[in-house]
Amino acid sequence: PRCGHFIVSHTPHGIVCGVEFTNLGAHTTLGKYPIHAHMCGNASALAFSANAIHKTYQRSFVVHSTSDALFAHNVAYDGVGHMYVFENGLELRNAVV
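Quick caveat, the model's predicted, so the values are computed rather than measured.

Here is what the cut-offs are and how they apply
- Residues numbered from 1 in each chain as written.
- Predicted model: local features only at pLDDT ≥ 70, side-chain atom pairs only at ≥ 80, totals over all residues.
- Heavy atoms only, no water.
- Helix = DSSP H or I, 4+ residues; strand = E, 2+ residues; numbered from the N terminus.
- Contact = heavy atoms within 4.5 Å.
- Areas by Shrake-Rupley, 256 points an atom, 1.4 Å probe, with all protein chains shown as cover.
- Lys, Arg positive; Asp, Glu negative; His and termini not counted.
- Charge placed at Lys NZ, Arg CZ, Asp CG, Glu CD.
- Salt bridge = Lys/Arg side-chain N within 4 Å of Asp/Glu carboxyl O.
- Buried < 20%, exposed > 50% of the residue type's maximum accessible area, 1.4 Å probe, protein only.
- Pairing = 2+ DSSP bridges.
- Axes fitted to C-alpha atoms, helices over the stretch in contact; angles between N-to-C directions.

Peer 1: Would you mind going over the overall build of the protein in detail, with residue names and values included?
Peer 2: Counting its secondary structure elements, the protein contains zero helices and 11 strands. Along the protein, from the amino end to the carboxyl end, the secondary structure elements read β-β-β-β-β-β-β-β-β-β-β. When its C-alpha atoms are laid out on the principal axes, the protein stretches across 35 × 25 × 20 Å. Taking contacts inside the protein between residues at least 6 apart in sequence as the whole, the part at least 24 apart equals 67%. With the model as given, the accessible surface of the protein reaches about 5100 Å², and the carbon-plus-sulfur share is 59%. The averaged location of the 5 negative side-chain charges in the protein is 8 Å from the averaged location of its 5 positive side-chain charges.

Spelled out as structure tokens, the structure:
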């Protein structure tokens, strides 16, 4: 299926809190993930908190070249693939609680 995605890209700040994400992620398209923190750098002012992600078609949370962000009290279930992915090893000091 061709489904939407939510991306925070190239910015070290933002808050996503209390959102329900469903039917997201394009299984056949690279980079189209339900929630994607993409190349945000040192992002101590970036937080994803108290969100629900379900019935996804390509992972749930994907973090790529983003450090120091907060991922707190999120729930991810009923999805295809891994629910939490740190993409390339350059993601440092992120808090997943």
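Okay, back to it.
Peer 1: So what about the pattern of salt bridges? Which residues, and what values?
Peer 2: A complete count under the given rule lists one salt bridge for this structure. Here Asp 68 ties to Arg 93 by a salt bridge, and the two come within 2.8 Å at their closest N and O atoms. Note that Asp 68 is positioned in the loop between β7 (61-67) and β8 (70-72) and Arg 93 in the loop between β10 (84-86) and β11 (95-96), a separation of 25 residues in sequence. Judged by relative accessible area, which is 22%, Asp 68 ranks as partly exposed. By relative accessible area, Arg 93 is classed as exposed at 56%.

Peer 1: Could you give an account of the sheet that holds strand β6 (residues 52-56), naming the residues involved and the relevant values?
Peer 2: Spatial strand order, β3-β6-β9: three strands in an open sheet with parallel pairing. Among the strands making up the open sheet, the edge pair consists of β3 (20-22) and β9 (75-79). Averaged over all pairs of adjacent strands, the angle between strand axes in this sheet comes to 10 degrees, irrespective of strand direction.

Peer 1: Which residues make up the sheet that holds strand β2 (residues 13-17), and what are the values?
Peer 2: Taken in spatial order, the four strands of this open sheet run β2-β5-β8-β11, and their pairing is parallel. Edge strands, defined here as strands with exactly one partner in the open sheet, are β2 and β11. Note: β8 against β11, two bridges, orientation parallel. Across the sheet, Leu 70 pairs through a bridge with Ala 95, a residue of β11.

Peer 1: Talk me through the side chain of His 54; I want residue IDs and the actual numbers.
Peer 2: Relative to the helices and strands, His 54 is located in strand β6. His 54 sits in the buried class, given a relative accessible area of 16%. Every residue in contact with His 54, bar those within four places of it in the chain, is listed here: Glu 20, Phe 21, Thr 22, Asn 23, Tyr 77 and Asp 78.

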